[in-house]
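Notes for the structure review
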Amino acid sequence: MENQRGFKTAGKSIRCKAAVCRNPGKPLLIEEIEVEPPHAWEIRIKILCTSLCHSDITFWEISTGPYAVFPRIFGHEAVGVVESVGEHVEEVEEGDMVVPVFHPNCRECRDCKSQKGNECSIFGKQVTTKMPRDATSRFKGMDGEDLHHFFHVSSFSEYTVVDVVNVVKISPDIPVDKACLLSCGVSTGIGAAWKVADIEEGSTVAIFGLGAVGLAVAEGARLRGASKIIGVDLNEEKFEIGKKFGVTDFINPTGCGEKKVSEVIKEITDGGADYCFECIGLSSLMEDAFHCTRQGWGKTVILGVEKHATPLAIDTYFLLRGRTVAGSLFGGLKPKSDIPMLAQKYINKELNLDGFITHQVSFQDINKAFDLLLQGTCIRCIIWMD
Amino acid sequence: MADGKSSSETAGKPIRCKAAICREAGEPLVIEEIMVAPPSPYEVRIRIICTSLCYSDITFWKLKVPPACFPRILGHEAVGVVESVGENVNEVAAGDVVIPVFLSECGECDDCCSKQSNLCSKFPFKLHPWMPRYESSRFTDLKGQTLYHFLFVSSFSEYTVVDVCHVVKIDPSIPPNRACLFGCCVATGVGAACKTAKVEAGSTVVIFGLGSIGLAVAKGAKLCGANRIIGVDVNPDKFEIAKKFGVTEFINSKECGDKSLSQVVKEMTGGGADYCFECVGIASLVQEAFASCRKGWGKTVVLGVDKPGAQLNISSAEVLGSGKILTGSLYGGIKAKSDIPVLLKRYTDKELVVDEFVTHEVKFEDINKAFELLVGGKCIRCVIWMDK
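Let me begin by describing the structure that accompanies this report. For every chain, the first residue of its written sequence is number 1, and the numbers climb from 1 along that sequence. To read the labels, note that chains go from A and ligands from 1, taken in the order they are written. Given that this is a predicted model, residues contribute local features only at a pLDDT of at least 70 and side-chain atom pairs are listed and counted only at 80 or more, while totals for whole chains, interfaces and linings are drawn from all residues. Side-chain descriptors were evaluated using all non-hydrogen atoms of the structure, hydrogens and water having been removed beforehand.

Notes on the overall build of chain A
Put simply, DSSP marks the helices as runs of H or I at least four residues long and the strands as runs of E at least two long, and each gets a number from the N terminus on. Looking only at helices and strands, one finds 11 helices and 17 strands in chain A. Values of the radius of gyration come from C-alpha atoms, whereas the globule rule sets the reference at 2.2 Å times the count of residues to the power 0.38. For chain A, whose C-alpha radius of gyration is 21 Å, the value lies close to the compact-globule estimate of 21 Å for 386 residues. Structurally, chain A occupies a C-alpha span of about 65 × 40 × 35 Å along its principal axes. Any residue under 20% of the maximum accessible area for its type is buried, any over 50% is exposed, and the rest in between are partly exposed; the area is computed with a 1.4 Å probe on protein chains only. Per-residue burial over chain A gives 60% buried out of 386 residues. Residue contacts follow a heavy-atom distance rule, with two residues in contact if any of their heavy atoms lie within 4.5 Å. By sequence separation, contacts in chain A at least 24 residues apart represent 70% of the contacts at least 6 residues apart. Per-residue accessibility takes into account occlusion by the displayed protein chains alone, with areas from the Shrake-Rupley method and a 1.4 Å probe. Element-wise, carbon and sulfur atoms account for 49% of the exposed surface of chain A, whose accessible area totals about 14,900 Å². This count recognises Lys and Arg as positive and Asp and Glu as negative, with His and chain-terminal groups excluded. We put the charge of a Lys on NZ, of an Arg on CZ, of an Asp on CG and of a Glu on CD. Averaging the coordinates of the 42 positive side-chain charges in chain A and doing the same for the 52 negative ones gives two points 3 Å apart.

In structure tokens:
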């Protein structure tokens, strides 16, 4: 078929397998598709492995409204090898190891050049279901229909096409399954702890939701020397798992009796946590998170994606008393500079990523990954392409 | 009467003096003679030199339900001279010029010991009718009826008693009708810009509400080197006044036509402000301010105090995806004892000019004129001088 370098498929459509979602909430179907060559500013990537993130599930389940778009290729957390590049792409070449990222980083706009935040003002305006520059699809089903992209990545396919602003070159020294984690969830959590919150040594931290993002926040907080890391989750099994990532106290909201979770947290932290992270995506929990932060300097960081677009209600009384609310996509990190930084930390054994991978399946069993994540004991399930 | 007597003659005894009492919500204050008890341990009795009227006094003057209470001595922005001190007070003595402050700084609790907080947890801020340490009042009228304190200051009286944690000693050479402003509005606004927000040089700042707080934010933003300071108000007369405080451009929020206020701001600023300050106290305006901030790093600072229970409704998707920050502070994050002397030095060094805040001055007996002027939107700060 092709070599490691000098792919013979350059310039031509590639016929390959993809896991296509044709109906909301239904198992993906492994089908043959055609992947067009990359246009200008685009990169065609051979996916090595990918993992399932809860945000894939959130959009997979949506059956009505403008976000219910089918047929679609989901997946946005992955690692791969560059098969070919379109015109004007100079930062990567065939054979390079890359991580595709949903969060754009053009490095030329005012935001990308600023030290502050991680917006990309040119490409960050909206996430579409096609390629970002010309709004067309690179995927065709076998009957010639266009297949929709997802989060500008679409990694549940043996090959995908991604814009250069959504691609990060990484060192081949990091094992691919660990690199894959840096494509979304783990980077989001660590970035939120280090960049958005900037947790100091001795801080008290509360984390609502111990999925991959929440556990990555815990790991980031632990590495900064937080004195207490309180994990809040409905699943008791998460505590044992959480301990490995630095969680020191565990709260199961159903076990609090009459008390609200925020009251329990205020008791444990003697007045409120210095930092509180919402890693689920429910505005009622975002409000709880806000109420369990300390007056004076308490910061609430929102990382979860609210699928019902329910607004967040905040009492100004509590804001006036020195509290801050901030949110971020991708943990406030700039993908092209920060993913390689995290990869290097892993290589230097300063960052532990192994604990996040709890399951592995082959591509044909991709639907098992959905079952595992929905059941709640899976943190990350790596889906290996053949 | 206490006037003319040296403090050594009055120390330890109740003082009979004049106070402007609020006996009924929204009714003119009544100047009456009252008795002011000597200071208890950790307390300081102060002869007020002058005081100024702030909109927060008006809010609790008008309010008919708790936490409003009557009869009460309002006023919380003032400067005075220590007449006598209670036991255990060593940091000030009779004769010292002091500013009484509504926010405590005990210097011992976690918040006071942290640079990041000005919210003393030993004597927390609250709308309390009493002295902070003891549930009692130092004021009675001549019939013996208790008069309630306000914000731990109660400066609409020739004499007041304040806890030592709420007192800061200041340079006596500062003109009193400038010093009193640091008890609330100037410190709040300058603190909000420099401390809460940490406005950087070259920033674009938008200020919603050009009352004393908003104008003080403008002063602070200018000190920080902000490049554009856009003032938003419903009253177009404010623009000329605001220019003296550093405001560079003005938006009349009633003249936005079909556009929302935030749309107008975003168009003017090429995408949104670096910093937005809400200085009115209306939740829906805070929402506009949040929407007016720039994606990526825009920071919205809430300073205005809305009704109890007031809530903002912000899109969770916007919080998640915009990178914007929402925060707030009381008293601009200023610590009374640590920060007021620093701010006053900026005044004496002529770096921070505050003269423009004082647009009117009246005698104590005409205190109700100050209320009329402020309620009518006709003044910035009206200073009320006690009889000399």
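Here's the deal with the side chain of Thr316 of chain A
Within the secondary structure layout, Thr316 of chain A lies in helix α9 (residues 316–320). Its relative accessible area of 4% is what places Thr316 of chain A among the buried residues.

Side note on the interface of chain B and chain A
In this assembly, 40 residues from chain B lie in contact with 37 residues from chain A. The term buried area means the drop in 1.4 Å probe accessible area that two parts suffer when joined, counted for both and summed. Of the roughly 3,100 Å² buried at the junction of chain B and chain A (both faces included), carbon and sulfur atoms supply 55%. Its largest share of buried area at the contact with chain A, chain B owes to Trp297, Ser316 and Leu320 of chain B, together 22% of the area lost on that side. One speaks of a salt bridge when a side-chain nitrogen belonging to Lys or Arg is within 4 Å of a carboxyl oxygen belonging to Asp or Glu. Counting across the chain B and chain A interface gives 4 salt bridges.

Let's talk about the sheet that holds strand β6 (residues 139–141) of chain B
Pairing between strands requires that DSSP locate at least two bridges from one strand to the other. Strand order in this open sheet of 4 strands is β1-β2-β6-β7 (chain B), and the pairing throughout is antiparallel. Pairing within the sheet leaves two strands with one partner each, and these edge strands are β1 (15–21) and β7 (146–147) of chain B.

Digging into the pairing of strand β3 (residues 43–52) of chain B
Strand residues, when the strand is regular, have side chains that alternate between the two faces of the sheet. All names here are of chain B. Judged by how many residues are buried, β3 sits mostly within the fold: 9 of 10 residues are covered. Where β3 and strand β8 (residues 159–163) come together, 5 bridges link them in antiparallel fashion. Looking at β8, one finds that Val44 is bridged to Val162. With 3 bridges connecting them, β3 and strand β18 (residues 381–385) associate as antiparallel partners. Bridge pairing in β18 places Ser52 opposite Val383.

Let's talk about the side chain of Arg72 of chain A
Residue and element names in this part refer to chain A. With respect to the helices and strands, the residue Arg72 is situated in the loop between α1 (54–61) and β4 (77–85). One buried charged side chain, Arg72, makes no salt bridge at all; its nearest oppositely charged neighbour is Asp56, positioned 8.5 Å away. As used in this structure description, the phrase polar contact means that two N or O atoms lie within 3.5 Å; if the pair is within protein, one of them must be able to donate a hydrogen and the other to accept it, and residues adjacent in sequence are counted only when both atoms belong to side chains. A distance of 3.1 Å separates the side chain of Arg72 from the backbone oxygen of His149, its partner in a polar contact. Leaving out residues up to four positions away in the same chain, Arg72 has contacts with Ala19, Val20, Cys21, Tyr67, Thr129, His148, His149 and Phe150.

Examining helix α9 (residues 283–292) of chain B
Burial analysis of α9 of chain B places 7 of its 10 residues in the buried class, the great majority of the element. All of the buried residues in α9 of chain B are Ala283, Leu285, Val286, Ala289, Phe290, Ala291 and Ser292 of chain B.

Digging into the packing of aromatic side chains
The way to describe two aromatic rings as a pair is by their centre distance and the angle between their planes. Here a pair means two rings of Phe, Tyr or Trp (six-membered ring of Trp) with centres within 6.5 Å. Their orientation is stacked below 30 degrees between planes, edge-to-face above 60, and tilted elsewhere. One pass over the full model with this rule turns up 21 aromatic pairs over all chains. A centroid spacing of 4.7 Å and a plane angle of 65 degrees characterise the contact between Phe74 of chain A and Phe150 of chain A, whose relative ring orientation is edge-to-face. With Phe74 of chain A in the loop between α1 and β4 and Phe150 of chain A in the loop between β6 (139–141) and β7 (159–163), the pair connects residues that are 76 residues apart, well separated along the chain. When sorted by exposure, Phe74 of chain A lands in the same class as Phe150 of chain A, which is buried. Arranged with centres 6.3 Å apart and planes meeting at 70 degrees, the rings of Phe182 of chain B and Tyr347 of chain B form a pair that is edge-to-face. Highlighted residues: Phe182 of chain B in the loop between α4 (176–179) and α5 (185–197) and Tyr347 of chain B in helix α11 (residues 336–348), separated in sequence by 165 residues. Comparing Phe182 of chain B with Tyr347 of chain B shows no difference in burial state: the two are buried. Put simply, the rings of Phe59, Tyr67, Phe74, Phe102, Phe150, Phe151 and Phe330 of chain A pair up and form one aromatic cluster. One Lys or Arg, Lys243 of chain A, reaches over the ring of Phe239 of chain A and ends 5.3 Å from the middle of that ring. Counting as a charge over the ring demands two things of the Lys NZ or Arg CZ atom: a distance within 6 Å of the ring centre and an angle within 35 degrees of the ring normal.

Things to note about unusual backbone geometry
Geometrically, the link from Pro66 of chain B to Pro67 of chain B is a cis peptide bond, its omega value of 10 degrees lying close to zero. One can find Pro67 of chain B in the loop between α2 (55–62) and β4 (77–85). In this structure, Pro71 of chain B follows Phe70 of chain B across a cis peptide bond, with omega equal to -5 degrees. A positive phi angle is found at His152 of chain A, which is not glycine, with a value near 60 degrees. Topologically, His152 of chain A is positioned in the loop between β6 and β7. Positive phi values are uncommon outside glycine, yet Ser154 of chain A reaches one of about 55 degrees. Tracing the backbone shows Ser154 of chain A in the loop between β6 and β7.

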